[in-house]
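# Residue-level structural notes
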Amino acid sequence: MALVLVARSDDEVVATERQAILRHCVDRAQKAGLKLSSAERASLYDCLRYFRPNLMQFISAMEQLKQDTKDEAAALIAAAREVVEADGIVRLQEALYITMLQRDLHAL
């Protein structure tokens, strides 16, 4: 959820950003003992193109993040940076969103 918001902070989610988000999701799934099939990966990748989280989904995601370890939060911040840098251009609004996300995660 947070990574999609990072990607959408400049109003466009390009393929390289979706790939970065997908890598993070696959990694989290594997760490949880889940293996995504090729079809599931492709479906998630396609979904990322159009997914626009609303405020309630964001609030729910932030509540879930409270259960994450410091290492998981650090991995999310690293993935967010990867998403921002994926298209080769770091825009001000993206950098500000990363800073806000990092601050919010440290506050949890």
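Preceding this section is the structure that the text describes.
Anyway, here's the lowdown on the structure attached to this text.

## Re the pattern of salt bridges
Under the definition given, this model contains seven salt bridges. Between aspartate 68 and arginine 28 there is a salt bridge, with the nearest N and O atoms lying 3.3 Å from each other. One end of the pair, aspartate 68, is in the loop between helix 4 (55-65) and helix 5 (70-85); the other, arginine 28, is in helix 2 (residues 15-31), and 40 residues separate them in sequence. Of the charged contacts, one joins arginine 91 and glutamate 94 as a salt bridge, the two residues approaching to 3.8 Å between their closest N and O atoms. In this structure arginine 91 comes out as partly exposed when scored by relative accessible area, which is 24%. Linked through salt bridges whose partners overlap, the residues forming this network are Asp87, Arg91 and Glu94.

## Some points on the packing of helix 5 against helix 6 (residues 92-107)
Running from N to C, helix 5 and helix 6 point in directions that differ by 175°, and their axes come no closer than 10 Å. Relative to helix 6, the element helix 5 is oriented roughly antiparallel. Along its contact with helix 5, which presents Ala73, Leu76, Ile77, Ala80, Arg81 and Val84, the element helix 6 presents Glu94, Ile98, Leu101, Gln102, Leu105 and His106. Of the residues contributing to the contact of helix 5 with helix 6, the split by class is eight nonpolar, two polar and two charged.

Parameters at a glance
- Residues numbered from 1 in each chain as written.
- Predicted model: local features only at pLDDT ≥ 70, side-chain atom pairs only at ≥ 80, totals over all residues.
- Heavy atoms only, no water.
- Salt bridge = Lys/Arg side-chain N within 4 Å of Asp/Glu carboxyl O.
- Helix = DSSP H or I, 4+ residues; strand = E, 2+ residues; numbered from the N terminus.
- Buried < 20%, exposed > 50% of the residue type's maximum accessible area, 1.4 Å probe, protein only.
- Axes fitted to C-alpha atoms, helices over the stretch in contact; angles between N-to-C directions.
- Parallel < 35°, antiparallel > 145°, perpendicular 65-115°, else oblique.
- Contact = heavy atoms within 4.5 Å.
- Nonpolar A, V, L, I, M, F, W, Y, C, P; charged D, E, K, R; others polar.

The analysis is restricted to geometry; functional conclusions fall outside its scope.
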